[in-house]
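Structure at a glance
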Amino acid sequence: MSSTETPRTRKDLNPQGPSIPSEIVTLLRLPLRRQQDLVSLRRKTRAAAEQCGLDERSVRSLSAASYEAARLLLGETKDALAEISVTPASDLQVAIRIGALPSEERQSVGRSVSALGSVLHRVSLQDSADSLLVTLCAGLPSHDRGALELVRPPIEPESESASPPIPELVEENVKLRRAVIELQDELTETNRGVVALYAELDDQVEQRKRLEDSLRSRAEELAAANRAKEDFLATLSHELRTPLNAMLGWARLLRMGKLDEAARARALETIERNAHVQEQLIADILDVSRIVTGRLRLDLRPIELAPVVDAAIDTLQPSAAAKGVDLSCSLGRTGKVLGDPDRLQQVVWNLLSNAIKFTPAGGRVSVSLSRAGASAVIAVTDTGEGVPASLLPYVFDRFTQGDASVTRMHGGLGLGLSIVRHLVELHGGHVSARSDGPGCGATFSATLPLRTIPPPEDEGDQRPADPSGEDAPAN
């Protein structure tokens, strides 16, 4: 935006010489209509202040104040006029005029402009019916008032007593200085624009990155939800089959007619018990889904583990016998644990059924219940196919199985041991697996914290029975 300079003559000056003007001397006028005009106003204000001999602090204060005042006024209107001049009071003055404003806006602008008075010689606000005038003034130093002549074009003297014209060298120096200042200001503004552009690009990259992370996270959540649904369906099928296998095993033995009266009674009892278990599993379908989602409810109460282990052995004894696997147990005294008997029986079921499944005919599966410090340990050991060392750390993960041939031979969905780990951890315990490799069998253990610590074995007969039954030995 080009500026318009007002023609001046020597009548504008005091006849005594280039010291104090006798009236306001207008240096330039500049229309303000857009943001670039504000930058131009600040640059020209700075140049005028430097040429008039103001110190660096005053130069910075006046140029910054002119920019801020113009910004405030231009924010309320789209058309303003700025004028830089020297007053008879030896002030360098920047005046900005805009049209009339509503009362509330005038008050807001007045408060903001008045705050600029802390860094300037004088700030005034003149309000009329048709316009608003803001005036910013900085005092000229007394020893440099003659610098005013540097901003004027050379003129012919009116009389012999008038001052000689400014030397050409000085005029060229002033022009060069002004050009350098303007170039520095333009470079500064350009640098700021580049920095702002880079900042904006960085911000756009960071928004885009957050959006990609959000979309990726959402995709992972959807995939996890889909896996949870599939896990639930697979777990449901697996867990419904467990009591059904026990009933089918005893039913086959009954059809063979090789059971005596006592064995037949036990078979009917086992079938009835597993029918009730299956009924309970159907009623607990929603609880099975909570195993996958981490919201399973447990019916916790103080229980002895021996009856739980014994019930699981009775359930799977027919399956082991039908396959020709010897199933034995050794139940020691442990004391009570705080647990859900149905879920803990499910733990033993899964460990035993897994051992029987991978143990060939003529092999052995043994179950032991023992105490280790303040914990009870249920261990199932088999002489079956064993677990490769590479698979051992992941054997309790969901869907983890051996090689494909073993999977096809034995079937299953790889859920049993993962359910064992989940249920044991919900009881505050942990699981472990040990194997010397393929063909060497394996031992799977579930460790549960005891509710109370029972006395050692050699002191059990000497200690009187606890009336509450907390430390009563298992039958």
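Residues numbered from 1 in each chain as written. Predicted model: local features only at pLDDT ≥ 70, side-chain atom pairs only at ≥ 80, totals over all residues. Heavy atoms only, no water.

Some words on unusual backbone geometry
Despite not being glycine, Ser90 shows a phi value in the positive range, around 65 degrees. Along the polypeptide, Ser90 turns up in the loop between β2 (80-86) and β3 (91-99). (Helix = DSSP H or I, 4+ residues; strand = E, 2+ residues; numbered from the N terminus.)

Comments concerning the pairing of β3
Burial analysis of β3 places seven of its nine residues in the buried class, which makes it a mostly covered element. Judged from the seven bridges that link them, β2 and β3 form a sheet pairing that is antiparallel. Note on β3: the bridge partner recorded for Ala80 is Ile98. As defined by bridge partners, β3 adjoins strand β5 (residues 131-139) across nine bridges and the pair is classed as antiparallel. Considered in β5, the bridge of Ala95 is made with Thr135. (Buried < 20%, exposed > 50% of the residue type's maximum accessible area, 1.4 Å probe, protein only. Pairing = 2+ DSSP bridges.)

So, the packing of aromatic side chains
For the structure on display, the rule yields one aromatic pair. Taken together, a centroid distance of 6.0 Å and an interplanar angle of 85 degrees make the contact between Phe396 and Phe444 edge-to-face. Of this pair, Phe396 sits in the loop between β10 (375-382) and α9 (404-410) while Phe444 sits in strand β12 (residues 442-449), and the two are 48 residues apart along the sequence. A relative accessible area of 5% places Phe444 in the buried class. Directly above the aromatic system of Tyr67 lies the positively charged group of Arg42, at a separation of 4.9 Å from the ring centroid. (Phe/Tyr/Trp six-rings, centres within 6.5 Å; stacked < 30°, edge-to-face > 60°. Lys NZ or Arg CZ within 6 Å of the ring centre and 35° of its normal.)

Observations regarding the packing of helix α8 (residues 341-357) against helix α10 (residues 416-426)
It is the contact of α8 with α10, at a shortest axis distance of 9 Å, that shows an interaxial angle of 150 degrees. When the axes of α8 and α10 are compared, the pair comes out roughly antiparallel. Taken as a pair, α8 and α10 cross one another with a handedness that is left-handed. Taken together, the residues of α10 that come into contact with α8 (itself represented by Arg343, Gln346, Val347, Asn350, Leu351 and Asn354) are Gly416, Leu417, Ile419, Val420, Leu423 and Val424. Among the residues forming the contact of α8 with α10, the class breakdown is seven nonpolar, four polar and one charged. (Axes fitted to C-alpha atoms, helices over the stretch in contact; angles between N-to-C directions. Parallel < 35°, antiparallel > 145°, perpendicular 65-115°, else oblique. Left-handed = near helix turned anticlockwise from the far one by under 90°. Contact = heavy atoms within 4.5 Å. Nonpolar A, V, L, I, M, F, W, Y, C, P; charged D, E, K, R; others polar.)

Brief notes about the pattern of salt bridges
By the definition in use, this model includes 11 salt bridges. One salt bridge connects Glu83 with Arg29, and the closest N-O pair in it is separated by 2.6 Å. With a gap of 54 residues between them, Glu83 in strand β2 and Arg29 in strand β1 (residues 25-32) connect regions that are remote in the sequence. Here Arg60 and Glu56 are joined by a salt bridge, their closest N and O atoms 3.7 Å apart. Residue Arg60 and its partner Glu56 are both found in helix α2 (residues 56-76); the two are separated by four residues, about one turn of the helix. On the basis of relative accessible area, Arg60 is assigned to the partly exposed category, the value being 45%. Bridged by salt links that share partners, the residues Arg46, Glu50, Glu56 and Arg60 form one connected network. (Salt bridge = Lys/Arg side-chain N within 4 Å of Asp/Glu carboxyl O.)

Examining the nonpolar core
When a protein is soluble and globular, its nonpolar side chains tend to lie buried together. In terms of nonpolar packing, the biggest core is built from 43 residues, with Leu305, Val337, Leu352, Val365 and Phe444 touching the most fellow members. Contributing elements (two or more residues each) for this core: α7 (305-323), α8, β9 (364-372), β10, α10 and β12. Beyond its immediate sequence surroundings of up to four residues, Leu305 is in contact with Val337, Leu344, Leu369, Ala376, Ile378 and Leu448. In this structure, Ala49, Leu62, Leu74 and Val94 belong to the second largest nonpolar core, which totals 39 residues. (Core = buried A, V, L, I, M, F, W, Y, C linked by side-chain atoms within 4.5 Å.)

Some words on the sheet that holds β1
Across the sheet, five strands lie side by side as β1-β2-β3-β5-β4; this open sheet has antiparallel pairing. For this open sheet the edge positions go to β1 and β4 (122-127), each flanked by a neighbour on one side alone. Neighbour to neighbour, the strand axes of the sheet diverge by 15 degrees on average, direction disregarded. Here helix α1 (residues 35-51) sits on the sheet in contact with β1, β2 and β3, set at roughly 165 degrees to β1.

Bear in mind that shape data such as this cannot, by itself, settle questions of function.
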